[in-house]
Each structure stands twice: as structure tokens, then as C-alpha cells.
Amino acid sequence: MTGFAPSPVGTLHPFAQLRPLLAEIGDAKRVRVAGGPRSLAEQAFARTWARLVAGEDVADVAYSETAAAVARARLAGIDAGVLTTAGLSDGESLDVLRRGFDEVAGPLEAGLRERLRAALGPLPSPAAAPALAGTLNAQPRAGATAPGKPRIVVEPPESHGDHCLTVAVYGVLVAPVVGADPVAPFLLGVAHHLHNVVLPDAGFAGEVLLGDALERVTATLEERELAALPGPLAARVREVLALRPGADVPEARAFHAADVLDRVLQVHHHARAAAFTSAQALDDLDLVHAGPVQAYHLDVLAAAGL
């Protein structure tokens, strides 16, 4: 069961239309700012869990964090807090966020796009995130592994916080494609690696070697983390984790689509980074961009043989 109909001949499937935006959002795994110890995605992951344990409505968290992630695709670390500190009014700050959002949000389903746009704005600054968020931000992902084969090590590895936040956001964005409510895929995205708070990641190869013990190990370690959460939140997380084994309902299909898209886009990132050339920076990205000193810059590079 795919959960979506094939696209008409000559048109891109919605997943293909979303792919460039998803790739840009995923780059928040690799973007950092001064004053924040980890990537923007990891910071959003910790903030998401802090908001959830503080009792915020899950839907409010899902839509506002996803809206921020879409705007972050182009604005990176420039958020409402930075803009107001720099002297912009709340209205001016919101205008900037909306411009960033609008520049990339075209592929989104219209209703979801409007709901996310309405959720833009300053994000709450709740108390400290639960310990699980910090540990998953520090726990590296294994990357691509296969039974009986050596691990392919890529640097730097993403963290589980990077992956989980990105899957959560993707889950919201692909939900309309499969007819899903976006909130459950978001919550499942941020929670689907709770067992890796304790269990280091050895990838699929390690899971195969765990054999019959895998399900018991995963369940034991998930329950360990759930027991430390507020009761109502733990109950809601258990509900969405129960969707994970199959793809029989739209919310599960949205999650699994988000998960596989992130895993493969991550591999594409490493392949693209390895193949990056200086010519791409100079010719495709206009590294020496138009401006009053462009001609001088070009003269310097020519003189230096660059």
C-alpha cells in the first residue's frame, strides 16, 4: 500500500516537488550559530521537548516548530529573538520571517502552508529540556550499515536529535500527500529513537545481530524514558509509537515517508559534499557576487591564479 495515487503523466509527484525544500530544511543539521552549542536542528529538538514536557499543546508545538524550520531553510539562525534584539519591532520581525517562509513554501499544500505561516513568530523559551533531549543530541547516528559488511564512516555524523527533529518536520510537510493529520507524525518523529538514549547506534547491522532480543531491548529502553515524562505526555507518545510497526493508517505512512526521505537525503548530502568543487562556488553560487568591489575581487583572484 503506497497511500498516494500516481501523478498524472508529465507532472512531478508531490514528494518530488517537496524534495528541494526538504533538503534545505535538513541542512539545519549542519548550521550552527554563536551562543548555541549544537546545530540549529538540535537546538529545535531540545526546545521541542522542553515545550512538550512543559505541557504545551502538541499541535501548537508541531505547527510552530515546523513553521520555524521552513523559514530557517533560508534565514538559518536569524529568528524572531535575533531580529528584535537588533532593534526591529515585532511586526518588522514577523515580516522578515514571512519573507523567508514565502521564498521556499510554494510546494506545500495550500491549507498547510497557510496554517504554518500563521504560526510564525517568537517561539517560547521554556525551562530546561528533559535529559533525553540532551543525550539524543549527543548520540551519533550510525549512518548506512548492512549485515556482514564494514561500516561506511562519514564525517561529521548527524545526531539522533538532528534526525528526529528533521523527521518530525518532514512528517508535517508530507502529511497532506497521504491524507494524514500532521500532529501525530510530528510527535512520532521526535520520539521514535527514545531507545537510543541508552543504546548506541550500530545501524541495521547491529539490529540484526541483536536478533530476537531487539524488540525486547527497544521496548525496555523506550519505557525507561517514557516513565520519566509527565503522565499525559507519556500516554500520548505511547499512542503514536504504536503506529510505528506498519503503514496501515495515514499518520504512520506520513511518518515512514518522512523517515526514509531524511535517511536518503542525508546520504545525498554526504555525496554532494564530497563532490563539491570550487567552480560550483564561483560559477553556480556567485561566491564573488555583484557589488561595488566585485571587479576588484575578480582582479585579485585572477592575479592569484584562482
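This report concerns the structure included in the present document. (Residues numbered from 1 in each chain as written. Predicted model: local features only at pLDDT ≥ 70, side-chain atom pairs only at ≥ 80, totals over all residues. Heavy atoms only, no water.)

1. Concerning helix 12 (residues 231-241)
- Of the residues making up helix 12, those classed as buried are Leu233, Ala234, Val237, Val240 and Leu241. Taken around the axis of helix 12, the buried residues stretch over an arc of 125 degrees, which confines them to a single face. Across helix 12 from its buried face, at more than 90 degrees, point the exposed residues Pro232 and Glu239. (Buried < 20%, exposed > 50% of the residue type's maximum accessible area, 1.4 Å probe, protein only. Helix = DSSP H or I, 4+ residues; strand = E, 2+ residues; numbered from the N terminus. Arc of directions from axis to C-beta.)

2. As for the environment of Thr66
- With respect to the helices, strands and loops of the structure, Thr66 is situated in helix 3 (residues 58-75).
- The exposure class assigned to Thr66 is buried, which follows from its relative accessible area of 0%.
- Each C-alpha atom of the pair Thr66 and Phe186 lies 8.8 Å from the other, and the pair is 120 residues apart in sequence.

3. Focus: the pattern of salt bridges
- Summed over all chains, the structure comprises 15 salt bridges.
- Here Arg30 and Asp27 are joined by a salt bridge, their closest N and O atoms 2.9 Å apart.
- Given a relative accessible area of 27%, Arg30 falls into the partly exposed group.
- Overall, the relative accessible area of 26% leaves Asp27 in the partly exposed class.
- For Arg238, the salt bridge is made with Glu223, and the minimal N-O distance between the two is 2.5 Å. (Salt bridge = Lys/Arg side-chain N within 4 Å of Asp/Glu carboxyl O.)

4. Notes on the nonpolar core
- If you look at the biggest cluster of nonpolar residues, it comprises 71 residues, and the most contacted ones within it are Ile25, Trp49, Leu173 and Val237.
- In terms of residue count, the dominant contributor to this core is helix 3 (11 residues).
- Once residues lying within four places of it in the same chain are set aside, the contact partners of Leu173 are Leu18, Leu21, Leu22, Ile25, Thr66, Val70, Leu108, Leu112 and Leu116. (Core = buried A, V, L, I, M, F, W, Y, C linked by side-chain atoms within 4.5 Å. Contact = heavy atoms within 4.5 Å.)

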